[in-house]
Amino acid sequence: MKHYYHPMSRAVTTHWMLMELGVEHEQVLVDYMAGENFSAEFKAINPMSKLPTLVDGDVVVTETAAICAYLADKFADKGMAPAVTSADRGRYYRYMFFPGNTLEPMFTVNQMPGAEYSPASVGWGDPERCLATIEAMTPAADWALGQTFTAADVVYGGTLDFACQFNWLEPTPKIAAYVKRLKSREAYRASHDPDWH
Ligand SMILES: N[C@@H](CCC(=O)N[C@@H](CS)C(=O)NCC(=O)O)C(=O)O
């Protein structure tokens, strides 16, 4: 499979997922800072011109969380997603969807001074609710779903890691300890440039 990637992009998270699974893949560097993501060739694969993008045979997967979910299910024997019928699946989905649907837009709008919005209408409510939810959802020990590390940690934990790195999120002791646990993983270290993380 081909993983369209840049080391200073969200593709670091999907690279981390590939490393956790130990999946062989071709790393295709797309220099989006030089506009290579707008080439006709890449736009034919992903009209959003965004990284990461995964191509697995005839299957094109875009969106960081979708790629991680796809890989976790494709390599189900690696145990990075709870079984579809397991009671943990609901909690797993929550960790997988909350970052892209809710946290990312909140962090983005929160960086825009004076932005006006209706908390009841925007999907992310307001920063206070999001921060309270992050604090509640962040595990005090081990991983998002308990003792087993899953794709939920890559997606949710990866978002918290990015947010701390860009100073979008002031980590509480619980968040800082979780991010530290994530960073101690071999696959994290193999996929993240220490100069940027
Ligand atoms: N919603 C997408 C966002 C991907 C995204 O914004 N990627 C950035 C790099 S971190 C990108 O490709 N930017 C190039 C551009 O938009 O020109 C995801 O979760 O994968």
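Residues numbered from 1 in each chain as written. Predicted model: local features only at pLDDT ≥ 70, side-chain atom pairs only at ≥ 80, totals over all residues. Heavy atoms only, no water.

Let us now look at the domain arrangement of the protein chain. Interface size, as often reported, equals the accessible area lost upon joining of the parts. With domains assigned, the protein chain is organised as domain 1 (2-78) and domain 2 (88-191). Taking the mean C-alpha position of each, domain 1 and domain 2 sit 21 Å from one another. Each partner contributes residues to the interface: domain 1 has 14 residues there, and domain 2 has 17 residues. Surface buried jointly by domain 1 and domain 2 totals about 1300 Å² across both partners, of which 67% is contributed by carbon and sulfur atoms. (Domains from an automatic or database assignment. Contact = heavy atoms within 4.5 Å. Buried area = accessible area lost by both parts, 1.4 Å probe.)

The next thing to look at is the packing of aromatic side chains. We describe a pair of aromatic rings using the distance from one ring centre to the other and the angle between the two ring planes. Per the stated rule, a full pass over the model turns up 13 aromatic pairs. Members of the aromatic cluster, joined through ring pairs, are W16, Y95, W143, F149, Y156, Y178 and Y188. R185 extends its terminal NZ or CZ atom over the ring of W143, reaching a point 5.2 Å from the ring centre. Above the ring of F149, the side-chain terminus of R185 is found at 3.5 Å from the ring centroid. (Phe/Tyr/Trp six-rings, centres within 6.5 Å; stacked < 30°, edge-to-face > 60°. Lys NZ or Arg CZ within 6 Å of the ring centre and 35° of its normal.)

With that settled, consider the pattern of salt bridges. Here the structure, examined in full by the defined rule, presents 7 salt bridges. Between R129 and D126 there is a salt bridge, with its nearest N and O atoms 3.3 Å apart. Judged by relative accessible area, which is 47%, R129 ranks as partly exposed. On the accessibility criterion, D126 (15% relative accessible area) is buried. Between D161 and K183 there is a salt bridge, and its shortest N-O distance comes to 3.7 Å. Here D161, found in helix α6 (residues 151-165), pairs with K183, found in helix α7 (residues 173-183); they are 22 residues apart in sequence, far enough to count as distant. Residue classification places K183 among the partly exposed positions, given a relative accessible area of 31%. (Salt bridge = Lys/Arg side-chain N within 4 Å of Asp/Glu carboxyl O. Buried < 20%, exposed > 50% of the residue type's maximum accessible area, 1.4 Å probe, protein only. Helix = DSSP H or I, 4+ residues; strand = E, 2+ residues; numbered from the N terminus.)

Taken together, S9, R10, Y32, N37, F38, S49, K50, L51, P52, E63 and T64 make up the full set of residues near the ligand. For the ligand, an oxygen atom lies 2.8 Å from a polar atom in the side chain of T64. When the free accessible area of the ligand is taken as 510 Å², the share hidden by the protein chains comes to 77%. Residue classes in the shell around the ligand are distributed as 4 nonpolar, 4 polar and 3 charged. (Near = heavy atom within 4 Å. Polar contact = N/O pair within 3.5 Å; in protein donor to acceptor, adjacent residues only side chain to side chain. Areas by Shrake-Rupley, 256 points an atom, 1.4 Å probe, with all protein chains shown as cover. Nonpolar A, V, L, I, M, F, W, Y, C, P; charged D, E, K, R; others polar.)

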